[in-house]
Amino acid sequence: VQQLESSVAEYCHAAYAIGCASGSDALLLALMAAEVGPGDEVIVPSYTFFATASAVARLGAKIVFADIDPQTFNLDPADVEAKITPRTKAIIAVHMMGNPARLDELRSIADNHGLILVEDCAQAFGASYKGQPIGSIGDIAIFSFNVYKTITAGDGGMVITSNENYYKRSFAFHDQGHSPNRTGVEVGNRPFIGLSFRMTELQGAALLGQIKKLPHILNHLRDNKTRFKNMIADLQDIEFRVLPDPDGEICTILTILLPTPDVAKRVAEELGGKPLSAAGWHVYNNMENILEQSTITPEKCPFTCPYYTEKGGHMEYRKGMLPQTDSLLNRTINISIGVADPGIGASFGVTMNDELDVVEQRAEEFLRIAKKHL
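Residues numbered from 1 in each chain as written. Predicted model: local features only at pLDDT ≥ 70, side-chain atom pairs only at ≥ 80, totals over all residues. Heavy atoms only, no water.

**Student:** Let's hear about the overall build of the protein chain: which residues, and what values?
**Tutor:** Looking only at helices and strands, one finds 13 helices and 12 strands in the protein chain. A globule of 374 residues ought to have a C-alpha radius of gyration of about 21 Å, and the protein chain, at 21 Å, matches this closely. Across its three principal axes, the protein chain shows a C-alpha extent of roughly 70 × 50 × 35 Å. Per-residue burial over the protein chain gives 58% buried out of 374 residues. (Helix = DSSP H or I, 4+ residues; strand = E, 2+ residues; numbered from the N terminus. Rg over C-alpha atoms; globule rule 2.2 N^0.38 Å. Buried < 20%, exposed > 50% of the residue type's maximum accessible area, 1.4 Å probe, protein only.)

Following this line, the structure appears as structure tokens:
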């Protein structure tokens, strides 16, 4: 694990890295490092994996959903700006489906308002933004290594930062309160009570093998996506999402916008999938336990927390509250280029093991089906 941490820190141009059990754990550690807690608000995208939002709630803070922009499918900087209040503590920029968010704008907003910028890079290990590795632009960042990610050990996560205080706090909480100490046991100088979020040595060993394959993986994904996209690019009435840095995305998913929700639904169903609006826990509308404010204990904290309710900050979450996001996801489908994940609507496409002949077969099949419904 220590070797892996050094490798990831070097790759991401970060001073520190901490291996942990999962990407979800990494999110908790990153927010804890930044001292997010009761009374704080954290802005998260309305299209992201559930854990981005649930980590905020588990720390007693308020989830503030913001729209995704109609081009990148990542946080809309204009809506982020509109959602900032005196209680806002952090912004979580998620690089959905391997496509970096608009980091220039989000970094500027965070700096102008004195906010912490957290990069959720769970779906984008290996991506870059204008020549910088993702994760190096925010104040603290996280990665995931589960079975749907660029490299995997079955599961696992990583926190990276160049902030020494954030590193020490993350490390202590992930290792029963110990200050950074990989090779010994410290007693008498633990800064606070921690828990165990440690990565196993077997996960670390598997990921050390995987990270050596990363250049090959990224080149293969880019070749396959370029071929698939070029084969369907002349199809009328379809659009592709905008890439803020086309050279920096990892090409695991090809996202296609269709002219209407009805066309998207029919094409997706014939391909064996669903439009993004109906595909799993990546859409705020489908996070029923947040919409219903369901918690494991009956007092329903943070949703009934006096930090918010006594200041007129009652939390309300409902389907349809972000029409820009809804309109976009209703008419969009995903094609797998390297991540066959029904949870993000990528049931159809190719996998990392497929060569260009299979890519061409799948692209021709998509063309045949799409032309029937357009």
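**Student:** Describe helix 8 (residues 214–232), naming the residues involved and giving the relevant values.
**Tutor:** Look at helix 8: 27 Å from first C-alpha to last across 19 residues, which is about the 27 Å you get at 1.5 Å a residue. Among the residues of helix 8, Leu214, Ile217, Leu218, His220, Leu221, Asn224, Lys225, Phe228, Met231 and Ile232 are the ones counted as buried. (Expected span 1.5 Å × (residues − 1).)

**Student:** Any chance you could break down the pattern of salt bridges for me, citing the residues and the numbers?
**Tutor:** The tally for this structure, following the rule as stated, stands at 18 salt bridges. The closest approach of N and O atoms between aspartate 79 and lysine 83, which form a salt bridge, is 3.0 Å. Here aspartate 79 and its partner lysine 83 are both found in helix 4 (residues 77–83), four residues apart, which amounts to about one turn of the helix. Look at aspartate 79 and you get buried, because its relative accessible area is 14%. (Salt bridge = Lys/Arg side-chain N within 4 Å of Asp/Glu carboxyl O.)

**Student:** I'd love a proper account of empty space enclosed by the protein, names of residues and values included.
**Tutor:** Tallying each qualifying case throughout the model produces two cavities of 30 Å³ or more. Volume-wise, the largest cavity comes out at about 50 Å³. Looking at the largest cavity, the residues that line it are Ala268, Leu271, Gly272, Gly273, Lys274, Ile333, Asn334, Ile335, Gly345, Ser347 and Phe348. With three residues, the top contributor of residues to the lining of the largest cavity is strand 12 (residues 332–336). Residues belonging to the lining of the largest cavity are distributed by class as follows: five nonpolar, five polar and one charged. Considered as a void within the structure, the second largest cavity measures approximately 40 Å³ in volume. Looking at the second largest cavity, the residues that line it are Lys225, Lys229, Phe240, Arg241, Leu243, Leu254 and Thr255. At the level of secondary structure, the elements contributing two or more residues to the lining of the second largest cavity comprise helix 8 and strand 11 (253–257). (1 Å grid on protein atoms, 1.4 Å probe; cavity = no way out; pocket = protein on both sides within 12 Å on 5 of 7 lines; lining within 4 Å. Points joined across faces, edges and corners; volume = space filled by probe spheres on them. Nonpolar A, V, L, I, M, F, W, Y, C, P; charged D, E, K, R; others polar.)

Purely geometric stuff here, so don't read any function into it on its own.
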